[in-house]
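Reading the structure
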Amino acid sequence: MYRSLHGADIEQMLFRPSEGSIKALIGRVHLFRGDDDEAERLYDEAKILDPTNGDVLELGKELQIKPRAEPIPKVDYFQNFSRLCSLENRNYPADPSNPKIRCRYREALLPYYRFKEEILSISPFASVIYDFVSEDESKHLKSFVENKLERGKVGGNNSVISDIRTSDLAWIWDNDSTKAKTLAKKIEHVTGLDTSQRLPDGPSSGEAFQVVNYGLGGHYEVHMDPFDAAPEQGELQYSGERIATFLIYLSDVQRGGSTVFTRVGVAVAPKKNMALFWYNFDPAHQKDEFTHHAGCPVLIGQKWICNKWIWTYGNTFRRRCGLTPDATQLDIEEDMKHGYKWH
């Protein structure tokens with residue numbers, strides 16, 4: 001009817017939101033995400049364009065009370081473990097409403113050599129890096145440990161076989177193969193951390209690659225990666241602690257096998273050639289209790305992963321303390337990238 005009388009202009013006038021309304025709606029999004037300054041700016045513009053619009057008036061009211069999206073509470077892992085392990089086929093971040101939970105490109109040594117990264121948690125910092133290893137690298141790590149796998153143990157220096165961890169594993173030192181050495185350097189470039197191994201006497205900045213296979217029902221119950229005492233291996237004496245973990249998925253899993261951070265509500269579904277990276281210590285260099293994590297039971301198929309633990313030695317000045325007690329990894333990231341030089 002409107003087209004027969006006045007054409008498309010009247011239809012658009014009736015059903016298309018005004019520019020002021022659009023700016024107000026975008027402003028409300030910024031307000032709920034905590035960006036008050038941007039919300040105020042958009043409100044000022046919207047008020048000039050369409051001062052009586054309902055969305056503009058609503059934004060004005062909300063700027064007075066400043067509502068916030070409710071964050072997901074950090075619950076204890078005894079309450080959270082089963083729930084997280086039941087989630088399938090996707091990643092679940094700690095607080096989706098946080099504007100810093102996002103996807104981005106992560107640079108390596110060369111500016112144009114970038115990896116797709118998805119940040120899952122700010123504190124503790126945890127992210128996944130897609131397509132970190134090639135098919136050839138993934139196949140090499142698995143074939144190298146063929147016929148070398150032994151039942152995994154728990155307990156540090158006094159390690160024992162336990163039902164807490166049901167997997168088989170083997171180790172690859174960087175100098176054991178050219179591909180392993182190259183991969184360790186790639187980890188160093190993408191994290192900005194030293195992974196050097198000073199064999200045979202140590203101390204070292206990175207452990208050997210730990211290649212792990214979880215069969216049907218294979219799992220690793222809730223634990224943290226840092227040790228309470230220095231390990232007995234000579235290569236790691238006086239190396240400090242495991243400040244960061246770099247975990248590479250060498251296979252997909254048909255069902256189950258997620259890595260879950262039980263105290264912050266993060267779940268990571270295995271995806272072949274993807275890496276999961278997190279810091280076990282906060283920027284104040286305190287052990288981060290929120291890095292308690294677990295490997296969920298494999299329900300269908302099998303799961304292959306490869307761990308590279310990065311140590312304090314050689315990284316004291318690569319990852320310095322934050323400037324405030326509540327500083328996060330993102331607060332010091334740019335300084336790490338530029339070597340703490342003025343830029």
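In the annotation of an unreviewed UniProt entry, the entry for the chain reads Prolyl 4-hydroxylase subunit alpha-3, and the organism field reads Biomphalaria pfeifferi. Recorded in UniProt under Cofactor (unreviewed entry), the annotation for the chain is "L-ascorbate".

**A look at the sheet that holds strand E8 (residues 242–249)**
Judged by pairing direction, the sheet is antiparallel, and its nine strands sit side by side in the order E1-E2-E3-E12-E8-E15-E6-E5-E4 without closing on themselves. Looking along the sheet, the strands with just one partner apiece sit at the ends: strand E1 (103–107) and strand E4 (150–151). Here strand E3 (residues 126–129) pairs with strand E12 (residues 275–279) via four bridges, running antiparallel. Looking at the pairing, alanine 126 lines up with tryptophan 278 of E12. Together, E1, strand E2 (114–121) and E12 form the strand contacts of helix H9 (residues 329–337), whose direction differs from that of E1 by roughly 30°.

**A closer look at the UniProt feature "repeat: TPR" (unreviewed entry) in the chain**
UniProt feature "repeat: TPR" (unreviewed entry): in the numbering of this structure it lies at residues 20–53. For residues 20–53, the end-to-end C-alpha separation is 7 Å, with 79% helix and 0% strand making up the annotated structure.

**Overview of the sheet that holds strand E10 (residues 259–261)**
Consider a sheet: its strands pair through backbone hydrogen bonds, and that pairing is either parallel or antiparallel. The four strands lie next to each other as E7-E13-E10-E11, forming an open sheet whose pairing is antiparallel. Looking at the sheet topology across the chains shown, the edges are occupied by strand E7 (220–223) and strand E11 (266–268). With direction set aside, neighbouring strand axes in the sheet form an average angle of 10°. Two strands pair when backbone bridges link them, and E7 and strand E13 (residues 293–295) are joined in this way by two bridges, in the antiparallel orientation.

Here is what the cut-offs are and how they apply
- Residues numbered from 1 in each chain as written.
- Predicted model: local features only at pLDDT ≥ 70, side-chain atom pairs only at ≥ 80, totals over all residues.
- Heavy atoms only, no water.
- UniProt positions renumbered as here; feature names shortened; annotations may be inferred.
- Pairing = 2+ DSSP bridges.
- Helix = DSSP H or I, 4+ residues; strand = E, 2+ residues; numbered from the N terminus.
- Contact = heavy atoms within 4.5 Å.
- Axes fitted to C-alpha atoms, helices over the stretch in contact; angles between N-to-C directions.

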